[in-house]
Amino acid sequence: MKHSCIHWFRKGLRLHDNPALLAAMKDCSELYPIFILDPWFPKNMQVSVNRWRFLVESLKDLDESLKKLKSRLFVVRGHPAEVFPGLFKAWKVTRLTFEVDTEPYSKQRDAEVVRLAAAHGVQVIQKVSHTLYDTDRVIAENNGKVPLTYRQLQAVLAGLGPPKQPVLAPTLETMKDCCTPGRDNRDPKYEIPTLEELGQDPKEAGPCLYPGGESEALSRLDFHMKRMTWVCNFKKPDTEPNTLSPSTTVLSPYVKFGCLSVRTFWWKLTEIYRGKKHSSPPVSLHGQLLWREFFYTAGAGIPNFNRMEGNPICVQVDWDDNPEYVKAWKEGRTGYPFIDAIMTQLRTEGWIHHLARHAVACFLTRGDLWVSWEEGQKVFEELLLDADWSLNAGNWQWLSASAFFHQFFRVYSPVAFGKKTDKSGAYIKKYLPILRKFPAEYIYEPWKAPRSMQEQAGCIIGRDYPRPIVEHEALSKRNIMRMKAAYAQRSHSKAAQVEKESTKKGGKRKLPAGPSVVELLTKKPKAKSS
DNA sequence: ACATTCGTTGACACA
DNA sequence: ATGTGTCAACGAATG
């Protein structure tokens with residue numbers, strides 16, 4: 001039987017290593033590649049103009065690549081569950097293919113679409129290709145528990161063997177029995193949206209340092225993979241947060257949208273490593289992809305992963321509700337130049353180094369402002385080109401010492417941390433030109449400069465650039481105590497939880513240690529001899 | 001049961 | 001320059 005197929009692009013905006021797309025082309029006479037502009041996203045999350053632009057560019061690139069295969073991309077407007085029945089009928093669809101997406105909204109959306117497809121007699125094929133491994137499989141292999149440490153994940157993956165090899169991109173040969181009706185009829189209703197249609201003002205976009213799309217992704221990968229020595233020596237903690245151009249690859253936005261396949265990236269690295277001395281996980285480039293896998297698995301398996309409440313691995317903290325602090329942080333007006341420079345780079349360019357994320361995340365949460373990590377998560381969701389649901393939630397919990405990382409007495413200094421790798425403050429001067437005339441001695445703490453020097457620099461602190469909104473030295477010490485209290489509370493409630501469990505079971509009450517979060521998660525009573 | 005070690009990336013003083 | 005100890009002391013894994 002010859003099929004009429006829809007391939008539904010969501011993430012995975014690429015032709016290379018796209019097994020669901022290949023499945024659509026098999027025994028297919030009519031192929032309809034679509035992307036759905038789902039109003040759920042702009043309604044439920046802020047998206048900056050920079051990130052919209054990245055998406056639009058990625059869609060354009062995809063359309064161009066599909067045209068070379070004598071096909072095209074149809075961009076459909078509406079809720080997936082509402083538009084699919086019409087498409088199924090209009091195109092006499094017999095098969096729908098898409099890539100597995102593990103995020104909660106996506107799972108729910110896809111389950112609904114699968115039901116609809118069944119009701120219309122449409123076969124559905126889903127393929128895992130956004131992650132290195134099938135996250136469900138990883139959890140199953142770990143006895144149904146989400147691996148909560150990196151080493152644990154590594155142990156599970158060791159049992160599964162290396163990730164699958166990427167599949168080849170389709171060619172004209174793959175497409176020879178297959179056509180896309182209406183590919184030359186550019187009906188505006190299926191056109192790629194402009195930023196204006198998306199309610200965005202292109203004039204507000206920053207410089208386009210990281211254009212979206214698979215073509216750009218592959219050439220960027222190629223560029224960095226040619227630096228073989230650099231690749232082999234790569235150690236993430238040794239890369240610098242405040243260089244004038246990125247010290248890492250900035251492939252993250254491309255991996256997030258699936259312009260670049262994580263498996264293609266993985267196997268390219270394997271090829272480069274072969275026979276050479278090279279760094280290893282967690283700090284190597286392979287290690288970075290495993291961190292992504294780590295958080296994807298956690299996001300797929302832990303309920304309410306992007307919230308504190310109802311999240312079984314998240315320490316419950318009495319964060320302050322402080323909109324003024326959030327606003328000052330977001331807008332780069334904290335009075336700490338290192339923090340404000342990073343937030344400015346984030347807003348204008350859409351990417352900041354991982355360690356820069358650490359610095360500003362610690363500052364917003366447990367370090368200084370004592371604001372919930374969920375507020376920071378929202379801002380990163382809006383402004384980062386690589387904003388990725390699982391990674392964003394996981395890293396915010398990490399940095400706020402709410403989960404995964406617990407050494408809350410280790411606090412980043414908004415003054416000292418940046419100095420280690422940029423003594424002169426060149427990074428600060430690039431993003432906060434108002435401070436450019438301060439000497440290195442005062443660039444991280446301009447409020448300490450004598451008045452005469454401020455006048456000479458043409459920047460009076462408190463007038464032209466804000467005074468620090470908090471005093472880090474005193475506040476960070478108080479916050480450590482608050483974290484300590486939150487952890488003590490947590491041990492207490494964990495003990496209570498065990499009390500409940502063992503009472504229910506009627507077993508012996510022996511519990512000072514309490515269950516691990518894994519046990520709380522799976523609700524398995526603690527196995528013990530009575 | 002209990003102690004010990006480890007955990008991708010702290011700051012600071014001191015050698 | 002790099003390495004070590006201190007600060008005060010977390011949870012998870014390991015023995």
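Keep in mind that what you see is a predicted model, and the values were worked out from it rather than measured.

## Considerations on the sheet that holds strand β4 (residues 95-99)
Next up, step 1: With parallel pairing, 5 strands are arranged side by side in an open sheet as β3-β2-β1-β4-β5. Strands at the two margins of the open sheet, each flanked by one partner only, are β3 (74-77) and β5 (123-127). Ignoring strand direction, the axes of neighbouring strands in this sheet form an average angle of 30°.

## Here we look at the protein's contact with DNA strand B
Next up, step 1: Taken together, 21 residues lie near DNA strand B, and R151, P237, H358, A416 and K420 sit nearest.
Next up, step 2: Looking at DNA strand B alone, sugar and phosphate atoms form 33% of those within 4 Å of the protein.
Next up, step 3: Per-element accounting of the surface near DNA strand B gives the leading share, 3 residues, to helix α15 (residues 354-367).
Next up, step 4: The residue makeup of the surface near DNA strand B, split by class, is 11 nonpolar, 5 polar and 5 charged.

## Topic: the packing of α15 against helix α16 (residues 373-383)
Next up, step 1: Contact pair α15 / α16: the axes reach a minimum separation of 9 Å and the direction vectors enclose 140°. In terms of their interaxial angle, α15 and α16 are classed as oblique. Viewed along their axes, α15 and α16 form a crossing whose handedness is right-handed. Along the contact surface, α15 presents R357, V360, L364 and T365, while α16 presents W373, E375, G376 and F380.
Next up, step 2: Each residue belonging to the contact of α15 with α16 can be placed in one class, and the counts come to 4 nonpolar, 2 polar and 2 charged.

## Some words on helix α5 (residues 104-119)
Next up, step 1: For α5, which comprises 16 residues, the first-to-last C-alpha distance of 23 Å matches the rise-based estimate of 22 Å (1.5 Å per residue) to within 8%.
Next up, step 2: The set of residues buried in α5 consists of Y105, S106, R109, D110, V113, L116 and A117. On an axial view of α5, the arc spanned by its buried residues comes to 120°, and they lie on one face. Exposed residues lying more than 90 degrees from the buried face of α5 are Q108, R115, A118 and A119.
Next up, step 3: On its buried face, α5 sits against β1 (3-9), α2 (40-44), α4 (80-90), β4 and β5.
Next up, step 4: Just beyond α5, the residue with positive phi is G121, at close to 65°.

## With respect to the UniProt feature "site: Electron transfer via tryptophanyl radical" (unreviewed entry) in chain A
Next up, step 1: Per the UniProt record, the feature "site: Electron transfer via tryptophanyl radical" (unreviewed entry) sits at W319, W373 and W396. The greatest C-alpha distance among the annotated residues, which extend across 78 residues, is 13.8 Å, indicating that they converge on a single site.
Next up, step 2: Looking at where W319 falls in the secondary structure, it is placed in the loop between α12 (285-301) and α13 (323-330).
Next up, step 3: Note on placement: W396 falls in helix α17 (residues 389-399).
Next up, step 4: Excluding its chain neighbours within four sequence positions, the residues that come into contact with W396 are W329, A361, L364, T365, W373, G376, Q377 and F380.

## Comments concerning the confidence of the model for chain A
Next up, step 1: On average, residues of chain A score 92 in pLDDT, and 93% of them are at 70 or above.
Next up, step 2: Here residues 504-530 is a poorly scored stretch, pLDDT under 50, and it has 37 contacts once near neighbours within four places are set aside; other chains count.

## Brief notes about the pattern of salt bridges
Next up, step 1: Scanning the entire structure with this criterion turns up 31 salt bridges.
Next up, step 2: Residue E382 is joined to K330 by a salt bridge in which the shortest nitrogen-to-oxygen separation is 3.0 Å. On the criterion of sequence distance, the pair formed by E382 in helix α16 and K330 in helix α13 is long-range, its members being 52 residues apart.
Next up, step 3: Residue classification places K330 among the partly exposed positions, given a relative accessible area of 27%.
Next up, step 4: The shortest N-O distance in the salt bridge between D386 and R357 comes to 2.8 Å. Separated by 29 residues along the polypeptide, D386 in the loop between α16 and α17 and R357 in helix α15 bring together distant segments of the chain. Across the pair, R357 and D386 agree in class, each one buried.

## Things to note about the domain arrangement of chain A
Size of an interface: often given as the accessible area lost when the parts come together.
Next up, step 1: You can read the domains of chain A as domain 1 (1-130), domain 2 (131-167 + 215-301) and domain 3 (303-530).
Next up, step 2: Across the domain 1/domain 3 interface, buried area totals approximately 890 Å², and carbon plus sulfur atoms make up 54% of it.
Next up, step 3: For the domain 1 face of the interface with domain 3, the top three residues by lost area are N50, R51 and E103, together amounting to 48%.
Next up, step 4: Run the count over domain 1 and domain 3 and you get 1 salt bridge.
Next up, step 5: Here E381 and R51 are joined by a salt bridge, their closest N and O atoms 3.4 Å apart.
Next up, step 6: Connecting domain 1 to domain 3 are 4 residue pairs in polar contact (both at pLDDT 80 or more).
Next up, step 7: Ranked by residues supplied to the side of domain 1 that touches domain 3, first place goes to helix α3 (residues 49-68) with 3 residues.
Next up, step 8: The residue makeup of the side of domain 1 that touches domain 3, split by class, is 4 nonpolar, 3 polar and 3 charged.

What counts and what doesn't
- Residues numbered from 1 in each chain as written.
- Chains lettered and ligands numbered in written order.
- Predicted model: local features only at pLDDT ≥ 70, side-chain atom pairs only at ≥ 80, totals over all residues.
- Heavy atoms only, no water.
- Pairing = 2+ DSSP bridges.
- Helix = DSSP H or I, 4+ residues; strand = E, 2+ residues; numbered from the N terminus.
- Axes fitted to C-alpha atoms, helices over the stretch in contact; angles between N-to-C directions.
- Near = heavy atom within 4 Å.
- Nonpolar A, V, L, I, M, F, W, Y, C, P; charged D, E, K, R; others polar.
- Parallel < 35°, antiparallel > 145°, perpendicular 65-115°, else oblique.
- Left-handed = near helix turned anticlockwise from the far one by under 90°.
- Contact = heavy atoms within 4.5 Å.
- Expected span 1.5 Å × (residues − 1).
- Buried < 20%, exposed > 50% of the residue type's maximum accessible area, 1.4 Å probe, protein only.
- Arc of directions from axis to C-beta.
- UniProt positions renumbered as here; feature names shortened; annotations may be inferred.
- pLDDT = per-residue confidence, 0-100.
- Salt bridge = Lys/Arg side-chain N within 4 Å of Asp/Glu carboxyl O.
- Domains from an automatic or database assignment.
- Buried area = accessible area lost by both parts, 1.4 Å probe.
- Polar contact = N/O pair within 3.5 Å; in protein donor to acceptor, adjacent residues only side chain to side chain.

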